[in-house]
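# Structural description and commentary
So the chains spell out like this:
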Amino acid sequence: MLVIGDIHGCIRKLERLLQREGILTKNLEWEAETETLVFVGDYTDRGEDGIACLELVMHLEVEAVKRGGQVFAFLCNHDM
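Residues numbered from 1 in each chain as written. Predicted model: local features only at pLDDT ≥ 70, side-chain atom pairs only at ≥ 80, totals over all residues. Heavy atoms only, no water.

### Focus on the overall build of the chain
- When its secondary structure is counted, the chain shows 2 helices and 3 strands.
- Taken over the C-alpha trace, the chain has a radius of gyration of 12 Å; the compact-globule value for 80 residues is 12 Å, and the two agree within 12%.
- Intrachain contacts of the chain at a sequence separation of at least 6 include 70% that bridge at least 24 residues.
- For the chain, the exposed area adds up to about 4900 Å²; of that, 51% sits on carbon and sulfur atoms. (Helix = DSSP H or I, 4+ residues; strand = E, 2+ residues; numbered from the N terminus. Rg over C-alpha atoms; globule rule 2.2 N^0.38 Å. Contact = heavy atoms within 4.5 Å. Areas by Shrake-Rupley, 256 points an atom, 1.4 Å probe, with all protein chains shown as cover.)

Structure below.
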């Protein structure tokens, strides 16, 4: 299980982290099979790519299920 919080719109850092941890391929496809990924919020606020972060999280929610994995995405104070 990988738990990630406080992305704050930093899409490139998020992508690199998920690739380094074996969650995503270089083409941003789910490769973690049955892994569970948890996001604990603060997707937006400071960085320039808050929308892209939200779109990636939503994409991963769908892709993970297709491969037997799970993604849980919670909201936090900056997401309200």
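### Focus: the packing of helix 1 (residues 11–20) against helix 2 (residues 50–66)
- Between helix 1 and helix 2, whose axes approach to 9 Å, the crossing angle comes to 30°. Taken together, the axes of helix 1 and helix 2 lie roughly parallel to each other. Once helix 1 is placed against helix 2, the crossing between them reads as right-handed. Along the contact surface, helix 1 presents I11, L14, E15 and L18, while helix 2 presents A52, C53, L56 and L60.
- Taken together, the residues that form the contact of helix 1 with helix 2 break down as 7 nonpolar, no polar and 1 charged. (Axes fitted to C-alpha atoms, helices over the stretch in contact; angles between N-to-C directions. Parallel < 35°, antiparallel > 145°, perpendicular 65-115°, else oblique. Left-handed = near helix turned anticlockwise from the far one by under 90°. Nonpolar A, V, L, I, M, F, W, Y, C, P; charged D, E, K, R; others polar.)

### Quick notes on the pattern of salt bridges
- Applying the stated criterion across every chain yields a total of 4 salt bridges.
- Measuring nitrogen to oxygen at the nearest pair gives 3.2 Å for the salt bridge that ties E63 to K66. On the criterion of helical spacing, the pair formed by E63 and K66 is a turn pair, its members being 3 residues apart in helix 2.
- Residue class for E63 comes out buried when judged on its relative accessible area of 15%. (Salt bridge = Lys/Arg side-chain N within 4 Å of Asp/Glu carboxyl O. Buried < 20%, exposed > 50% of the residue type's maximum accessible area, 1.4 Å probe, protein only.)

### Quick notes on unusual backbone geometry
- Positioned with a positive phi, D6 is a non-glycine residue whose angle comes to about 55°.
- Its location among the elements puts D6 in the loop between strand 1 (2–4) and helix 1.
- In this model, D45 sits at a positive phi of 120°, which is unusual for a non-glycine residue.
- Among the secondary structure elements, D45 is positioned in the loop between strand 2 (36–39) and helix 2.

### Points about helix 2
- The terminal C-alpha atoms of helix 2 lie 25 Å apart, and with 17 residues this matches the ideal 24 Å at 1.5 Å per residue to within 8%.
- Along helix 2, the residues classified as buried are G50, C53, L56, V57, L60, E63 and A64.
- Lining the buried residues of helix 2 we find helix 1, strand 2 and strand 3 (70–73).
- Backbone geometry just after helix 2 places G68 at a positive phi near 90°. (Expected span 1.5 Å × (residues − 1).)

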